Structure formats: structure tokens, C-alpha cells
Number of protein chains: 2
Amino acid sequence: MPRLADVAKASKVSPAIVSRVANGDRSLKITAETRRRVEQAIREMGYRPNRAAQSLRSAQSGFIALAVHDITNPVYGEIARGAGAAAARIGKALVMSDSSEHEAETAHLPETVPDTLVDLVGGHGVDGLILQANGGASDQVLALAAREKTPMVVLQADIGIGDQVVLLPDEQAARLATGHLIGLGHTRIGCLATNPGLTFTGARIAGWRRTLEAHGLRHDDTRVVHAPATIAAGADAAATLLARSGDITALVCCNIVPAIGAMMGLTERGYRVPDDISIAAIHDIPMAPFLKVAMTTVAMPLFEMGVAAVEALAGCGPGDGGPVRIIDTEPRLIVRASTGRA
Amino acid sequence: MPRLADVAKASKVSPAIVSRVANGDRSLKITAETRRRVEQAIREMGYRPNRAAQSLRSAQSGFIALAVHDITNPVYGEIARGAGAAAARIGKALVMSDSSEHEAETAHLPETVPDTLVDLVGGHGVDGLILQANGGASDQVLALAAREKTPMVVLQADIGIGDQVVLLPDEQAARLATGHLIGLGHTRIGCLATNPGLTFTGARIAGWRRTLEAHGLRHDDTRVVHAPATIAAGADAAATLLARSGDITALVCCNIVPAIGAMMGLTERGYRVPDDISIAAIHDIPMAPFLKVAMTTVAMPLFEMGVAAVEALAGCGPGDGGPVRIIDTEPRLIVRASTGRA
DNA sequence: CTCGCCCGTTAAAACGATTTACATGACGAT
DNA sequence: ATCGTCATGTAAATCGTTTTAACGGGCGAG
């Protein structure tokens, strides 16, 4: 309610001084006495700068948009939390853009749905954009962001857009899972991979392959199968893989969602987990311990990835400069019931 | 990039006309020819109004803040999706405020964390506030919102703040779960309730109690136990309840999270689910079918609650007017393996 | 004694869209 | 022919903050 001018009047100085005091401007000098008086007035009146006016003047909205598929997915939720925390640290707020809402929306009503993200990006409503690699935003948003030169960070994969890419320690995670299975005596290990062509898919397969290679074990393409990150796809893919290479005794899954599908599908087909087949999956989720068979997972630094994405936008934090940041927090193997001795 | 004035110049009219055309102002009349020329210029130049300028002039930011505990929780995620969809429909964007991030943050660095939500509410940065009943926002935010007269909607419980409250069909959900268990022949049914004193807790217990009452079954307080919404608390509470009333054969859980705890805890103690004890829980989550014992649940209209919260803020949609909206979408019973015949 | 200079402060001009109050024009009516 | 009126369009003020350019006063140096 109180404006800058009100504070100025109350403390008998010009608005300019109040602005300087409020922003802690160090360049111009202000008498200690004046500063004290202004600060007191600010406190007493509970003055807070009007964001719209600040934005207009500074051409900075103070908002960062995070576009993910489905905020309901705990993996994305964790990223959002990290991004939110980091954004708060630099005085910015996070705008949620869940692309799944669009589908729900359009399914609901046939009329044209206004795309909030388009308006936001087009109208200088956001200072930066964090995108999920595969489809966090529409082409229109991308085009607009390019025209407006809105800084853009892409998560998980280098798909040729954005100023920077933030990656997880994908290869290492896959190495961890694979190494664990080898340690349990498994020698015929399959890989249930995510969608082909994406950076993280490649890195995880590489982790699996190189670990097997280092132990002199077989790692040919016939033991890799791709599936989108859904339960049903995981079940199908696992069935396909085992039909093709029946001698496999363990599975490294590049994502826990299809891993759950694999676990359920294989169980239904009469395989016992882990007696007949061990499953280790990348991404730990809170429910992992409570699944039909508690899942052995590799916890990824998702929170840190959210933090890094915001830091990349802000141009600060470690890894400053390069176009690619790989989160250096170690992935963590969490052994549960789904993996056992060969 | 192009401003209103640019479009005006290009289409050889005054800025006022462009503004009217852009906003579809019907009050003043504009020649069809002029309108056409302006619309074409807008399209060709890809003009989009600057949000900051609009906000400043109109005192409306176009943002709504949604404050929840933990966006990672699929229950809140679903609410967020609904709110996001409804907000998009009225041209507003959703700002995420996850209170868990503050904890994570402060745990991380000792320095004072700027509270984004405080700045936002204090600086007219949001047009409305949607709060999780138990602690979605700090007292400071609440005080500020009151002073600024920021419209406020509280979810799930009437805790004496906010202009409106949005509730789920809580009693009915509990009736559904309890009725299902009675239908399976259970007569001694306990209630694992959520935190006491909250509207939804009361309503769910009432649903349990009245359903038992209607069937002439016992429903005294010794069969009710309260637990916060965590796995560990659920395990403890279930153990407590069974120690107290050992003859219970079924459990209605007011929240699926402690229900999972109950399931795990009881299993560890040698009870078999559902053979020794059946469990039905309120809130369906995507993982429910894949838990150690697939959980029988009651799916709540969470998406709809998110929609309703935004509609309440906007003063539109059904239920317009009253201070309390109860979502009228029916809860849905989903029978799985955790409930069996008595 | 006066000229310049630094210091703290202030006045005023942005930022871009909206809207009120006013101007211009045409046209019909008297 | 003159006035009134309605239909279009325009000029200018406004929202609140930031920032640049200017301003007065005090003081040291010439």
C-alpha cells in the first residue's frame, strides 16, 4: 500500500534516496543519519516495492518459468523443488508450466485454450526458461523465446535448443547399477533403456555397456530395448527383451517407471524378482521401498539439477561459462529387495 | 520487442486505438477498416503487450500463488495441475511456492533466505493466494495478504483465514471406504485418521462413524487413532490401534501415505493384508496398484479442487458466492488387493 | 577572494499500456 | 445556413520505481 513516494515524504527526502536505500545501492554515498531515517520509515510503514513498477523499469520480471510434462511425477517434482529453492536465493519466483494440463484442458473443453506460457514469454513475463528435454514447451514458446532472447536452459538432453544444457551423472548412475549386479554374480545383464536419441539415454546405455565391457561381459545391442517412461511400455519392453534373450538374469532400467512395469509384467509372466531376474533402476522415488518388490535404485541428484538449472540461467554457481553442466553430486545406490545373487 | 506505440505508428492510428483493438474493447466503436488494419499490424509485428506495464497500470499481476508443503507429493501435484489448468483459462499463471524448499534451503545455508512469497504478496506480485490448510504459508505472508486484501482461498479445512474454503467430498469418501469394508463382511473396523482438529479429518471420521452407525456397528473413539501424513506415523498408529483393539479386522485410512505405513508396519508384525486385516485408504495415487499389497483406495477429485480454488479466487464457476465450496464430483472407490472378505 | 570540485541530495525523464477527457468530422434536423 | 449530435479518433495523464543529469553548499587551492 505505501509507495516509494510516501516513504520519501515521511522521511523528508526525495524518492531517489529511498530507492537507493531500499536497494542497498553502494555507488552513491548517503549520510548515515539519512539512511537511518529512511530505513526506519521503510520499516514502520512496511514499505515494499511494487513488483510491476520494478519490472517495467528494469525489464526484469523476477519470474522464471519451469516447463515440465507432469508435475505429478515425483522426479519432476524434485527438480521443481531444487529450482524453487535456488530461485528464491536470487530473489526470483518460479512459474509452473505443466504441459499435461493442456491436454487435460483441451480434453475438457473444445474452445481454444490460452497458452499462458506463450503470453508470458511473449510479454517479457519471465526472465528465463527451464525446459524438460522432450517436449516441455510448444514450438511457439520456443520461437518466441528465441526472438525475445529469453535465456533458456534445457534439462537432461542436448536437443539443439537453449543456451545451456544441464545433465545428470547419467553414465555413472548406470555404472553403479550395473556394477552392483555384476557384484552379485550376474553375467547376463540386459538394459531397459529410455527413448532413443536423447543424451541421457545414450549416456546411461554407455554406462551399462562400458561396465560390462570392463568385466569382459557381453553387451551387444540385442540386450538393449527402448521404452518410453510408462508402466505399460516397461512391461512390454521387458517381455520383448526376455523373449529375445531368455538367458538374461538381471536388468538395468534407465528409469524407474518402466522398471515398475517390468517388475509387474515379469511377475505376471511367472518370473520371480529377484530369484529369476534382478532389477535395478535409475531414479529413487519415495514409494520405491513399498513396491511389490522393494526396488533397488540409484538416487539421482534431482534437487541439485533444479538448482543448477537456475544457476545456469543466472550465470552463477559452479560450472559457470560452459554450455553444458553435469551435476557432480554422486548418484547413490540404494540396495533393496529387487536385486539378489545370481 | 515491438511496443504498442510501434504498432500504432505502423498502422497509422493512435496508441489508444491499438490498445482497444488488442483488448477487444466493445464500449468504443472502431471502424471495421481501422480494426482490420490494426489487427494485421499486430499480427505482422508479433506484438504482445508488456506484462509489467499492464500490471502497473491495472494493479493486476496476472499471477496466482499456490502454496503447498511439498510439490513432490502426488496429491498436491494433482491439485496444482487443476489449478494450473483453471488459471490458464482465465489468463493467469501459477506461481509455485513449496514450503519444503525453505527447510531444505535453510538446512543448506545458514544465511537468511529471502522469502519469495513474502515479496510477492507484499509487492502486489500476486492477484490471489491458494493455501494448503495446515501451513502452506508463513504468518508473515498471511498478515501481508490481509493488509493488501489479497484474495485468499484455503484448501481442505476452515482454519479461520481466507475469504473462501474449498473442501473435498470428505465424508462421502469415508463412507465409500467404510461401506465397502462392511460389504465384505467386516464388522470391527478401525479408523486411522489424519491430524485432529482439521475440517477434513472431522468429516472423514464422521463418514466412517455414521456408516458404521447406520449398520448398527461399533464406532467408539477407541477405534480411532490419529497420525500425521507420514509413513512412519502410519505404522506406529496402526500398531497402537491394534494393540488397543486387537479384534479389528479392517482399517479405514484417511490418507494413503500413513496407510502405506500401516500396511508395511502390520506386515512386519506378522499380520497378513488382507487376510488378517483389510486396508482401504482415501486418495488414489499412481503407485497404489504397485505397492507390496495393491491398495484399495478412494480417488478424490483433486484436479477439480485445484480448478475450484482458482474459480473461487476469480469469483466464477459453480458455487459462486458462498464462503465454502465442496467439490461435487463423486469420489471413486477403486478396489484392489488390500481389502478382502472378513 | 574567487574559482573549481567533491558531496549529498533532488528534480525529472524514462519504462509501456490504459483510460479519461477532449477534438474532429460528418450528417441530420430545424 | 446553423446548430446539435453522434461516431471515431487523439492527446495526455497515470501507475510506481529507477536512474541520469543537474544543483547547491562547503572547502581547499591558487
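For clarity, every value in this text was computed on a predicted model and none was experimentally measured. (Residues numbered from 1 in each chain as written. Chains lettered and ligands numbered in written order. Predicted model: local features only at pLDDT ≥ 70, side-chain atom pairs only at ≥ 80, totals over all residues. Heavy atoms only, no water.)

## Considerations on the nonpolar core
Under the convention used in this document: Put simply, a nonpolar core is a bunch of buried Ala, Val, Leu, Ile, Met, Phe, Trp, Tyr and Cys residues held in one set by side-chain atoms that sit within 4.5 Å of each other. Partly exposed residues are those whose accessible area sits between 20% and 50% of the maximum for their type, while under 20% is buried and over 50% is exposed, using a 1.4 Å probe and protein chains only. Residue contacts follow a heavy-atom distance rule, with two residues in contact if any of their heavy atoms lie within 4.5 Å.
Counting 158 residues, the largest nonpolar core has A:Met295 and B:Met295 as its most contacted members. Apart from the residues within four sequence positions on either side, A:Met295 is in contact with A:Ile256, A:Ala259, A:Ile260, A:Met263, A:Ile279, A:Ala281, A:Ala288, A:Ile334, A:Arg336 and A:Ser338.

## Overview of the pattern of salt bridges
Let me state the cut-off plainly: The salt bridge criterion pairs a side-chain nitrogen of Lys or Arg with a carboxyl oxygen of Asp or Glu, the two atoms within 4 Å. Think of it this way: any DSSP run of H or I at least four residues long counts as a helix, any run of E at least two long counts as a strand, and we number them from the N terminus.
What the rule picks out here adds up to 34 salt bridges over all chains. Between B:Glu33 and B:Arg37 there is a salt bridge, with its nearest N and O atoms 3.6 Å apart. Of this pair, B:Glu33 and B:Arg37 both sit in helix H3 (residues 32-45), 4 residues apart, which is roughly one turn of the helix. Given the relative accessible area of 40%, B:Glu33 is considered partly exposed. Residues joined by salt bridges that share partners form a network here, namely A:Glu33, A:Arg36 and A:Arg37.

## A short note on the sheet that holds strand E8 (residues 250-253) of chain A
All names here are of chain A. Defined as follows: At least two bridges found by DSSP between two strands are what make those strands a pair. The axes are straight lines fitted to the C-alpha atoms, using for helices just the contacting stretch, and the angles between their N-to-C directions are given from 0 to 180°.
Strand order across the open sheet formed by 6 strands is E7-E6-E8-E9-E10-E12, with mixed pairing between neighbours. What marks the edges here is a single partner per strand, and that holds for strand E7 (224-226) and strand E12 (332-334). For this sheet the average axis-to-axis angle between neighbouring strands, irrespective of direction, equals 20°. Across the sheet, helix H10 (residues 199-214) touches strand E6 (189-193), E7, E8 and strand E9 (278-282), and the angle it forms with E6 is around 175°.

## Focus: the relation of the copies chain B and chain A
One copy of the chain maps onto the other through a rotation about an axis followed by a shift along the same axis. Quick note on the threshold: Only residues with pLDDT of at least 70 in both copies contribute their C-alpha atoms to the least-squares superposition of the copies.
Structural alignment of chain B on chain A gives an RMSD of 0.1 Å, achieved by rotating through 180° and translating 0.0 Å along the axis. Accordingly, the operation relating the two chain copies is best matched by a two-fold axis. Looking at chain B, 98% of its interface residues are interface residues in chain A too, so the copies touch through the same face.

## Details of the interface of chain B and chain A
This is how the line gets drawn: In short, buried area is how much 1.4 Å probe accessible area vanishes from two parts on joining, totalled over both. Definition of a polar contact: a pair of N or O atoms within 3.5 Å, with one able to donate and the other able to accept a hydrogen when the atoms are protein atoms, and with sequence-neighbouring residues admitted only if both atoms are side-chain atoms.
Residue-level contacts link 60 residues of chain B with 59 residues of chain A. When chain B packs against chain A, the two sides together hide about 5200 Å² of surface, and 63% of this comes from carbon and sulfur. Three residues, B:Arg48, B:Arg81 and B:Phe290, lead the burial of chain B against chain A; their summed loss comes to 13% of the area buried on that side. At the boundary of chain B with chain A, the tally comes to 2 salt bridges. Summed over the shared surface of chain B and chain A, the result is 12 residue pairs in polar contact (both at pLDDT 80 or more). At the level of elements, helix H4 (51-58), helix H5 (74-89), strand E2 (93-98), helix H6 (99-108), helix H7 (116-122), helix H8 (139-148) and helix H12 (256-268) of chain B are the ones that each hand at least two residues to the side of chain B that touches chain A. Broken down by element, the side of chain B that touches chain A gets its largest block of residues, 9 residues, from H5(B).

## Digging into helix H13 (residues 302-314) of chain A
Residue and element names in this part refer to chain A. Convention followed: Take the residue count of a helix, subtract one, and multiply by 1.5 Å to get its expected span.
For H13, which comprises 13 residues, the first-to-last C-alpha distance of 19 Å matches the rise-based estimate of 18 Å (1.5 Å per residue) to within 8%. Summarising burial for H13: 11 of the 13 residues are buried, a large majority. All of the buried residues in H13 are Leu-302, Phe-303, Met-305, Gly-306, Val-307, Ala-308, Ala-309, Val-310, Glu-311, Ala-312 and Leu-313. Phi turns positive, to about 70°, at Gly-315, one or two residues after H13.

## Considering the protein's contact with DNA strand C
Test applied: One heavy atom within 4 Å of a molecule or strand is enough for the residue carrying it to be called near that molecule or strand. Just so you know the grouping, Ala, Val, Leu, Ile, Met, Phe, Trp, Tyr, Cys and Pro go in nonpolar, Asp, Glu, Lys and Arg go in charged, and all remaining residues, Gly too, go in polar.
Close contacts around DNA strand C come from 24 residues, with A:Ser14, A:Lys29, A:Thr34, B:Leu4 and B:Arg57 the closest. When the atoms of DNA strand C within 4 Å of the protein are sorted by group, sugar and phosphate make up 67%. With respect to DNA strand C, the side chain of B:Tyr47 contributes an N or O atom lying 2.9 Å from a phosphate oxygen. Between a phosphate oxygen of DNA strand C and a main-chain N or O atom of B:Asn50, the distance comes to 3.4 Å. When contributions to the surface near DNA strand C are tallied by element, the ones reaching two or more residues are helix H2 (15-22) and helix H4 (51-58) of chain A together with helix H2 (15-22) and H4 of chain B. The residue makeup of the surface near DNA strand C, split by class, is 11 nonpolar, 7 polar and 6 charged.

## Considering the domain arrangement of chain A
Inclusion rule: Where each domain starts and ends follows an automatic or database-derived domain assignment.
For chain A, the assigned domains read domain 1 (4-49), domain 2 (54-168 + 302-326) and domain 3 (170-299). Taking only C-alpha atoms, the centre of domain 1 of chain A and the centre of domain 2 of chain A are 35 Å apart.

## Digging into the layout of surface pockets
The line we're drawing: Each cavity reported here is a set of points on a 1 Å grid over the protein atoms alone in which a 1.4 Å probe fits but cannot get out, each pocket an open set with protein on both sides within 12 Å along at least five of seven lines, and each lining residue one with an atom within 4 Å of a point. Grid points are joined across faces, edges and corners, and a volume is the space filled by probe spheres set on the points.
One number sums up the size of the second largest pocket: a volume of about 830 Å³. Around the second largest pocket sit 28 residues that line it, and B:Tyr47, B:Pro49, B:Asn50, B:Arg51 and B:Gln54 are the ones nearest its centre. When residues of the lining of the second largest pocket are traced back to their parent elements, those giving at least two are helix H7 (116-122) of chain A together with H2 and H4 of chain B. Per-element accounting of the lining of the second largest pocket gives the leading share, 6 residues, to H4(B). In the lining of the second largest pocket, the residues fall into 9 nonpolar, 13 polar and 6 charged.

## A closer look at the pairing of strand E1 (residues 63-68) of chain B
All names here are of chain B. The cut-off we apply is this: Crossovers are marked right-handed if the path from the first strand over the helix to the second runs clockwise, as seen with the strands pointing away from the viewer.
For E1, a buried count of 6 out of 6 residues is recorded, marking the element as mostly surrounded by other parts of the structure. Burial of E1 is two-sided: the residues Phe-63, Ala-65 and Ala-67 facing one way and the residues Ile-64, Leu-66 and Val-68 facing the other way are all buried. Where E1 meets E2, 6 bridges bridge the pair, whose relative direction is parallel. Bridge pairing links Ala-67 to Ser-97 in E2. As for the winding sense of the linkage, the β-α-β connection from E1 through H5 to E2 is right-handed. Two elements, E1 and strand E3 (residues 128-132), share 4 bridges in a ladder whose sense is parallel. Bridged to Leu-66 within E3 is Ile-130.

## Considerations on the protein's contact with DNA strand D
The local shell around DNA strand D holds 24 residues, among which A:Leu4, A:Tyr47, A:Arg57, B:Ser14 and B:Thr34 are the closest. Counted by atom, the contact set of DNA strand D within 4 Å of the protein is 68% sugar and phosphate. In the environment of DNA strand D, a phosphate oxygen lies 2.8 Å from a nitrogen or oxygen atom belonging to the backbone of B:Ser14. Counting residues per element, the ones that place at least two in the surface near DNA strand D are H2 and H4 of chain A together with H2 and H4 of chain B. Among the residues forming the surface near DNA strand D, the class breakdown is 11 nonpolar, 7 polar and 6 charged.

## Digging into the packing of H5(B) against helix H13 (residues 302-314) of chain B
Residues and elements named next belong to chain B. The condition is simple: In what follows, roughly perpendicular refers to angles from 65 to 115 degrees, roughly parallel to angles under 35, roughly antiparallel to angles over 145, and oblique to any angle outside these ranges. Left-handed describes a crossing whose near helix is turned anticlockwise from the far helix through less than a right angle; right-handed describes the clockwise counterpart.
Direction vectors running N to C along H5 and H13 enclose 45°, while the axes themselves pass 7 Å from each other. It follows from the interaxial angle that H5 and H13 lie oblique. Taken as a pair, H5 and H13 cross one another with a handedness that is right-handed. On H13, the residues that touch Val-75, Glu-78, Ile-79, Arg-81, Gly-82, Ala-83, Ala-85, Ala-86, Ala-87 and Arg-89 of H5 are Leu-302, Phe-303, Met-305, Gly-306, Val-307, Val-310 and Glu-311.

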